[in-house]
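Chain by chain, the residues run as shown.
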Amino acid sequence: MEPDLVLVERDGPLLRVTINRPDARNAINVDVTVALLDAIRQAEAADDIVAVVLTGAGDRAFCAGGDLGGLDLGAGETAIHRGRALFAEVLEGFRRLRRPVIGRVNGHALAGGFGLALACDVLIAADTATFGATEVKVGLWPHMISTVIADHVGPKKAMELMLTGERLTAAEALELKLVNRVVPAAELDAAVDAFTDRLAALSPVVLSLGKESFGTSRTMRREDALPYLAGMLSVHVRTDDAKEGVMAFLEKRPPAWTNR
């Protein structure tokens, strides 16, 4: 594996994960996929972080999808299948990670990179960023990310995007509610920092339970989701931080979170 394909850096209450292949537009290969899975494991094991920030190195691309230049069409079918399965684990891993994942979209988020961006919980994008399921233009199809796209824009719009391979500007992605906010490229870091500072003032265990509750309930039928959510609320109110938050509110003082 090439060294430092994915940088994992602790920054106070944050874990910053950066795909570090700027010369290849941060394209994904098997080694990057393995490194991202390791980053997810590190984030899951870090009890004292409040959020993960995912981005790409440089200012051209968040992630331009699969590394077509490194695609070995002569490789064994088993090896190719395992590589694809690992990327599916990355998408699911970020979705299921107990910490919120903030996508810092600094450039192109295309093909598999589009799916990777949509696996984040919140997206803050530079106004120069672009988004799209562009695989059809090179004779491929976004099979694995198709359901992720449909979850965000519905099946009709998802099919249109996949059939045409259309690239969306950051403004268009914002209009479709694919991203949370768009800022001038020069202000991207400040916008991400402002958002994560707000999270850092909150209880990590509360954010963790909230993300788990929201994500799990969205995979359920409504009649099953409501009893599940009632159970999660019962778990939540028993946490020390929930008790501390209520007490601090009543006593008109800042809460002192313990992450328990």
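Check the entry above for the structure.
Quick look at the structure, then. (Residues numbered from 1 in each chain as written. Predicted model: local features only at pLDDT ≥ 70, side-chain atom pairs only at ≥ 80, totals over all residues. Heavy atoms only, no water.)

For the protein, the count of helices and strands is 10 helices and 10 strands. Taking 18 Å as the expected radius of gyration for a compact globule of 260 residues, we find that the protein reaches 19 Å, a close match to that expectation. Along the first, second and third principal axes, the C-alpha atoms of the protein reach 65 × 40 × 35 Å. For the protein, the residues scored as buried account for 46% of the 260 residues in total. Here the analysis covers contacts within the protein between residues at least 6 apart in sequence; of these, 68% occur between residues at least 24 apart. Accessible surface, the protein: about 13,600 Å² in total, of which carbon and sulfur atoms supply 56%. The protein carries 29 positive and 35 negative side-chain charges, and their two centres are separated by 6 Å. (Helix = DSSP H or I, 4+ residues; strand = E, 2+ residues; numbered from the N terminus. Rg over C-alpha atoms; globule rule 2.2 N^0.38 Å. Buried < 20%, exposed > 50% of the residue type's maximum accessible area, 1.4 Å probe, protein only. Contact = heavy atoms within 4.5 Å. Areas by Shrake-Rupley, 256 points an atom, 1.4 Å probe, with all protein chains shown as cover. Lys, Arg positive; Asp, Glu negative; His and termini not counted. Charge placed at Lys NZ, Arg CZ, Asp CG, Glu CD.)

Moving on, we come to the nonpolar core. With 50 residues, the main nonpolar core has L36, L54, F94, L116, F131 and I149 as its most contacted residues. In contact with L36, other than residues within four places in its own chain, are V6, V17, I19, L54, V90, F94 and L116. (Core = buried A, V, L, I, M, F, W, Y, C linked by side-chain atoms within 4.5 Å.)

Turning next to the pattern of salt bridges. According to the stated counting rule, one finds 16 salt bridges in the structure shown. Ionic pairing is found between R16 and D193, a salt bridge with its closest N-O pair at 3.2 Å. Of this pair, R16 sits in strand β2 (residues 14-19) while D193 is found in helix α7 (residues 188-200), placing the two residues 177 residues apart along the sequence. A relative accessible area of 32% places D193 in the partly exposed class. (Salt bridge = Lys/Arg side-chain N within 4 Å of Asp/Glu carboxyl O.)

The next thing to look at is the environment of E166. You can see E166 is positioned in the loop between α5 (155-164) and β9 (168-169). For E166, a relative accessible area of 27% translates into the label partly exposed. For the pair E166 and G132, spaced 34 residues apart in sequence, the C-alpha separation works out to 6.0 Å. Beyond its immediate sequence surroundings of up to four residues, E166 is in contact with F131, G132, A133, E160 and L161.

Turning our eyes to something else, we now look at the sheet that holds strand β4 (residues 61-63). The 4 strands lie next to each other as β4-β6-β8-β9, forming an open sheet whose pairing is mixed. Where the open sheet ends on each side, the last strands, each with one partner, are β4 and β9. (Pairing = 2+ DSSP bridges.)

What follows covers the packing of helix α4 (residues 146-153) against α5. Packing of α4 against α5 leaves a shortest axis separation of 7 Å and a crossing angle of 130 degrees. Our classification of the angle between α4 and α5 gives oblique. Regarding α4 and α5, the two cross each other, and that crossing is right-handed. On α5, the residues touching S146, I149, A150 and V153 of α4 are P155, K157, A158, L161 and M162. Tallied by class, residues from the contact of α4 with α5 come to 7 nonpolar, 1 polar and 1 charged. (Axes fitted to C-alpha atoms, helices over the stretch in contact; angles between N-to-C directions. Parallel < 35°, antiparallel > 145°, perpendicular 65-115°, else oblique. Left-handed = near helix turned anticlockwise from the far one by under 90°. Nonpolar A, V, L, I, M, F, W, Y, C, P; charged D, E, K, R; others polar.)

Glancing now at the packing of helix α8 (residues 204-217) against helix α9 (residues 222-237). Where α8 contacts α9, the two axes come as close as 10 Å, and the packing angle between them is 170 degrees. Taken together, the axis directions place α8 and α9 in an arrangement best described as roughly antiparallel. Note on element contacts: α9 touches α8 through A225, Y228, L229, M232 and H236, opposite V206, L209, E212, S213, T216 and S217. Here the residues of the contact of α8 with α9 sort into 6 nonpolar, 4 polar and 1 charged.

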